[in-house]
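Okay, here's what each chain looks like letter by letter:
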Amino acid sequence: MPAHHLDLNGTWDFVADLDPKYHAIHGGFHKPDANRRHWQKVPVPGVWQKYGERYDIYEGVCWFAREFQVPSSMPGSRARLRFGAVNYLANVYLNGEKVGSHEGGYTEFVLDVTGKLKPGTNHLAVQVDNRSLITKWPPCLGYFNYGGIHRGVSLEIADGPALAEVRLEAVPAGAGWELAVSGRLDSFESVDSHDSMDSSDSRKSTESNRGLLLRISSAGLSWEEPLSAGGTLAARVPFFDTPAWSPERPHLVPVTVELLDAARAVLDRREFQFGFRTLAMREGKVQLNGRPYPLKGVCYVYDSETSGLVMTPEQIETDLRLMKEVGCNAVRCHYPMDDAFYAACDRLGLLVWIEPPVYCYHPGDQETGTRFADPEWLALAQKMAREMIVVARNHPSVAIYSIGNECNTANPEAEAFFRKLAATIRETDPTRLISYAALYGIVGPIADIVDVLGINSYWGWYDKIWGGKGLAPEEGQRSEVGGQRSVQQEPIDLTPMRRMIDEVLARKRNMALLLTEFGADSVPGNYSASRDMWSENYHADLLREILALAKDYPQIVGTFPFCFTDYRDPSKVHNGYWNELNLKGLVDYRRNKKLAFGAVKSSYLNPEPRTLDPLP
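Definitions and limits used
- Residues numbered from 1 in each chain as written.
- Predicted model: local features only at pLDDT ≥ 70, side-chain atom pairs only at ≥ 80, totals over all residues.
- Heavy atoms only, no water.
- Axes fitted to C-alpha atoms, helices over the stretch in contact; angles between N-to-C directions.
- Helix = DSSP H or I, 4+ residues; strand = E, 2+ residues; numbered from the N terminus.
- Parallel < 35°, antiparallel > 145°, perpendicular 65-115°, else oblique.
- Left-handed = near helix turned anticlockwise from the far one by under 90°.
- Contact = heavy atoms within 4.5 Å.
- Nonpolar A, V, L, I, M, F, W, Y, C, P; charged D, E, K, R; others polar.
- Pairing = 2+ DSSP bridges.
- Buried < 20%, exposed > 50% of the residue type's maximum accessible area, 1.4 Å probe, protein only.
- Phe/Tyr/Trp six-rings, centres within 6.5 Å; stacked < 30°, edge-to-face > 60°.
- Lys NZ or Arg CZ within 6 Å of the ring centre and 35° of its normal.
- Core = buried A, V, L, I, M, F, W, Y, C linked by side-chain atoms within 4.5 Å.

A.B. asks: Just give me the short version of the packing of helix α5 (residues 375-392) against helix α6 (residues 414-428), but keep the residues and values in it.
C.D. replies: How two helices sit against one another is set out by the angle between their axes and by the gap between those axes. Two elements in contact, α5 and α6, have axes whose closest approach is 10 Å; the angle formed by their N-to-C orientations is 25°. One element, α5, and the other, α6, form an angle in the roughly parallel class. Where α5 crosses over α6, the handedness of that crossing is right-handed. Between α5, through W377, L378, A381, Q382, A385, R386 and I389, and α6, the contact on the second element is made entirely by F417, K420, L421, T424, I425 and T428. The residue makeup of the contact of α5 with α6, split by class, is 8 nonpolar, 3 polar and 2 charged.

A.B. asks: Tell me about the sheet that holds strand β21 (residues 285-288), and name the residues and values.
C.D. replies: Read from one edge of the open sheet, 3 strands run β20-β21-β22, paired in antiparallel fashion. Both outer strands of the open sheet, β20 (279-282) and β22 (291-292), are each paired with one neighbouring strand and no more. One ladder, built from 2 bridges, connects β21 with β22; its direction is antiparallel. For L288, the partnering residue across the bridge sits in β22 and is R291.

A.B. asks: How would you sum up the environment of Y361? Please name residues and give values.
C.D. replies: By the element assignment, Y361 lies in the loop between β26 (351-354) and α5. Y361 sits in the buried class, given a relative accessible area of 10%. Separated by 277 residues in the primary sequence, Y361 and G84 place their C-alpha atoms 26 Å from one another. Not counting residues up to four positions away in its chain, the partners in contact with Y361 are W137, P139, T370, R371, F372, E406, C407 and N408.

A.B. asks: Lay out the packing of aromatic side chains with the relevant residues and their values.
C.D. replies: With the rule as written, the count across this model stands at 41 aromatic pairs. Aromatic pair W137 and W377: ring centres 5.4 Å apart, planes at 85°, arrangement edge-to-face. Linking W137 in the loop between β10 (120-129) and β11 (148-149) with W377 in helix α5, this pair joins segments that are 240 residues apart in sequence. As far as burial versus exposure is concerned, W137 and W377 are alike and both buried. With centroids separated by 6.4 Å and ring planes inclined at 85°, the aromatic side chains of Y458 and F562 adopt a geometry described as edge-to-face. With Y458 in the loop between β29 (452-456) and α7 (462-465) and F562 in the loop between β33 (556-559) and β34 (567-568), this pair connects stretches of sequence that are 104 residues apart. Residue class for F562 comes out buried when judged on its relative accessible area of 6%. A network of ring pairs unites the aromatic residues Y458, W461, Y462, W466, W534, Y538, F562, Y567, Y577 and W578 as a single cluster. Here R36 stacks its cationic end above the ring of W39, 5.9 Å away from the centre of that ring. The ring of Y458 is capped by K584, whose NZ or CZ atom sits 5.5 Å from the centre of that ring.

A.B. asks: Outline unusual backbone geometry, supporting the account with residue identities and numerical values.
C.D. replies: Cis peptide bonds are those with omega within 30 degrees of zero, and the linkage from W137 to P138 qualifies with 5°. In this fold, P138 is placed in the loop between β10 and β11. The residue after F562, namely C563, is reached through a cis peptide bond having omega 0°. One can find C563 in the loop between β33 and β34. Phi is positive for N289, which is not a glycine, with a value near 55°. You will see that W534, though not glycine, has its phi angle at about 80°, which is positive. As for its position among the elements, W534 is in the loop between β32 (513-517) and α9 (536-550).

A.B. asks: Run through the packing of helix α3 (residues 313-325) against helix α4 (residues 339-348), naming residues and quoting values.
C.D. replies: It is at 10 Å that the axes of α3 and α4 come closest, and there the two elements cross at 40°. As α3 packs across α4, the resulting crossing turns out to be right-handed. Contacts between α3 and α4 pair I316, E317, L320, R321 and K324 from the former with A340, F341, A344, C345, R347 and L348 from the latter. When grouped by side-chain class, the residues that make up the contact of α3 with α4 number 7 nonpolar, no polar and 4 charged.

A.B. asks: How would you explain the nonpolar core if you had to name every residue and give the values?
C.D. replies: Among soluble globular proteins, nonpolar side chains are generally buried collectively. Ranked by size, the top nonpolar core spans 127 residues in total, and within it F341, I403 and F418 carry the most contacts. Sorting elements by how many residues they give to this core places α5 first, with 10 residues. With residues near it in sequence (within four places) discarded, F341 still touches Y300, M311, I316, L320, V331, C333 and V352. Membership of the second largest hydrophobic core comes to 34 residues, among which are F14, Y55, V86 and I149.

Have a look at this one:
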């Protein structure tokens, strides 16, 4: 780890700013001498919806502040503030001075505060704004808009060269593996100086790098080599007899990467739990470790009844173990996750799909001047993708980066946007697959951009809901047959879903598809012999039939029912059943299993052979 690492999690002071326009002039909430006598003591990481009932549906501006101590020997050293995630817009102040801003609610960011620390007590204040009206991505709220500093905060201080952007990659080599280690040396110039460094600065940096060594070690193995003159890291280390990582056998190897001076003193250290595996698309199949690997997944919108958006180790462990129990080998996450989540997937064995929240943007088919064509919106999406990858790329569980979800790709400005976003992702990390989740087969040019295409559709559910059925409690259907009362079950007709898949494949017969969203809402504990809509019975049977349908198509290489758990969803219109909760979970909000859990488990753990190729 860096020479000095200060954990800034814990108790902070908190206040809601109910008139931010006025206080921008007459506030001073960011100042060290601000009177915080009546501010609330709260935990960070945290979301203000869990700080008190009065904040439960509050959307606006809030302030967080705390003090921390810096040893007298360190203020002049290189220093960085690291925030795991803040939703949505963060303005950060150190000792009364603004040191940076960050937009985007689900990715880690780092601010250079070199020269801004002082010996002894330092004051840190963060203004957080989660108003949906200022939010660019996502442009609509398909999950609850929690506000706060919901992932960890730390201060890193060092006074010499350090490792930066360390990247590990498994490379097959004969009967074993090589570990490719790359990255660069951070010689602690200011963040903005790298692009403007002149030749004399470059020579000084090269001189300072002489004699430095890179050491990679793991369980008795130790490998050393000198740094290149330019300060880049590039090493290939043989790993013989190392089992491949897979969801069935999630074998992890401890790897330590160290920067040494000429006397072999450790200047900096990074520690990893790494898994060796290969991932590719070949012959229309996802291949893991050289073999076709059908993905048995579930969609995941993280939300905890107790912690909201805060990803606690206990909630992560509970959720992932339930996913494994239902037979999942993959999980589709609808926004970038915390590093602790990826580490748990590494350990327990789940492949991970993640995406920046380029979500449900629907300009008209012929509309121009859209956000797709706005350089600011593109740059933000690219930044979110890069930040997402920096945290995820050394985790063997991370398999798929998505470029978006349910946007109108028929818009003429969409193709250039998504091509540029995909290029950014491939440039940042070319070792993962790229996907996209298209709504009801609205594919457009996306099929030629991605490696594997996701299709979201809710046949058997929203076609009925928007047709006016199932919006209020109703009694089951009954009839008289031979003098006996019989129960007629709510029908499930997946003919439109087959037609949609056939139309997509007619354009590109060998396209690899994932069914990335499908399902129905079910009220927990609502059972119905007539399989009424909103019952657990209808939900379970619909999932069962769609998973059986997927086996009829060899082009479908994975399924991801929506979703793992019920969660708070402000986009749901109030009616006889919805009440700001999305009820499509295999488990309810408290993680109690629904009948849908058993339906998916039966399909995933007892696979049947495909019976039909719909395109002979």
